[in-house]
Amino acid sequence: MGMAFDGVGWLAAIIIGGLAGWLASMFMNAGGGVLKNVILGIVGAILASLVFGLLGISFGGWIGYLIAGFIGACIIILIGRSVAR
C-alpha cells in the first residue's frame, strides 16, 4: 500500500475512487463511463492527497479518501475542460 491509500486497501481504493469519480462527474456534469470515473477518482485522490499534503492537510480513512478523490476529480475535470477548449 502506498501513501495515497492511507488505511484504505486497493479494492476499497478502486470502489471509493469510482464513487468519488462518479460524484464528481455528476457534480461537474461531465458524464463518462465506470472505468473513466474510477480512474478520475483514484488519480484525483492521489492528486488531492499530494496537494493537501503540501498544505499540511491530511485525510484519513475512506471518508477522507472519498473527499480527496471528489475534490481531485473535479480539479482534473476542470483541467480537462480548459485544455479541450
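Here, every reference points to the structure presented above.
Residues numbered from 1 in each chain as written. Predicted model: local features only at pLDDT ≥ 70, side-chain atom pairs only at ≥ 80, totals over all residues. Heavy atoms only, no water.

Caption draft 1: Quick peek at the overall build of the protein. Assigned secondary structure in the protein consists of 3 helices and 0 strands. For the protein, the sequential pattern of α-helices and β-strands runs α-α-α. In terms of C-alpha radius of gyration, the protein reaches 12 Å, essentially the compact-globule figure of 12 Å for 85 residues. Judged by the C-alpha coordinates and their principal axes, the protein covers about 35 × 25 × 20 Å. (Helix = DSSP H or I, 4+ residues; strand = E, 2+ residues; numbered from the N terminus. Rg over C-alpha atoms; globule rule 2.2 N^0.38 Å.)

Caption draft 2: The arrangement of helix α3 (residues 61–84) in detail. In this model α3 runs 34 Å from its N-terminal to its C-terminal C-alpha over 24 residues, within 8% of the 34 Å that 1.5 Å per residue would give. Of all the residues in α3, the buried ones are Gly64, Tyr65, Leu66, Ala68, Gly69, Gly72, Ala73, Cys74 and Ile77. On its buried face, α3 sits against α1 (10–27) and α2 (34–54). (Expected span 1.5 Å × (residues − 1). Buried < 20%, exposed > 50% of the residue type's maximum accessible area, 1.4 Å probe, protein only. Contact = heavy atoms within 4.5 Å.)

Caption draft 3: Spotlight on the packing of aromatic side chains. Evaluation of the coordinates by the stated rule reveals 1 aromatic pair. Aromatic pair phenylalanine 27 and phenylalanine 70: ring centres 5.4 Å apart, planes at 65°, arrangement edge-to-face. In this pair, phenylalanine 27 is assigned in helix α1 and phenylalanine 70 in helix α3, connecting sequence segments 43 residues apart. Of the residues examined, phenylalanine 27 reaches a relative accessible area of 60% and is grouped as exposed. You can call phenylalanine 70 partly exposed: its relative accessible area is 25%. (Phe/Tyr/Trp six-rings, centres within 6.5 Å; stacked < 30°, edge-to-face > 60°.)

Caption draft 4: Spotlight on the nonpolar core. Judged by nonpolar contacts, Ala13, Ile16, Ala20, Val38, Ile42, Ala45, Tyr65 and Leu66 together constitute the single largest core of 8 residues. Only α1, α2 and α3 provide two or more residues apiece to this core. Counting residues in hydrophobic clusters, the runner-up holds 6 residues, among them Leu40, Ala73, Cys74 and Ile77. (Core = buried A, V, L, I, M, F, W, Y, C linked by side-chain atoms within 4.5 Å.)

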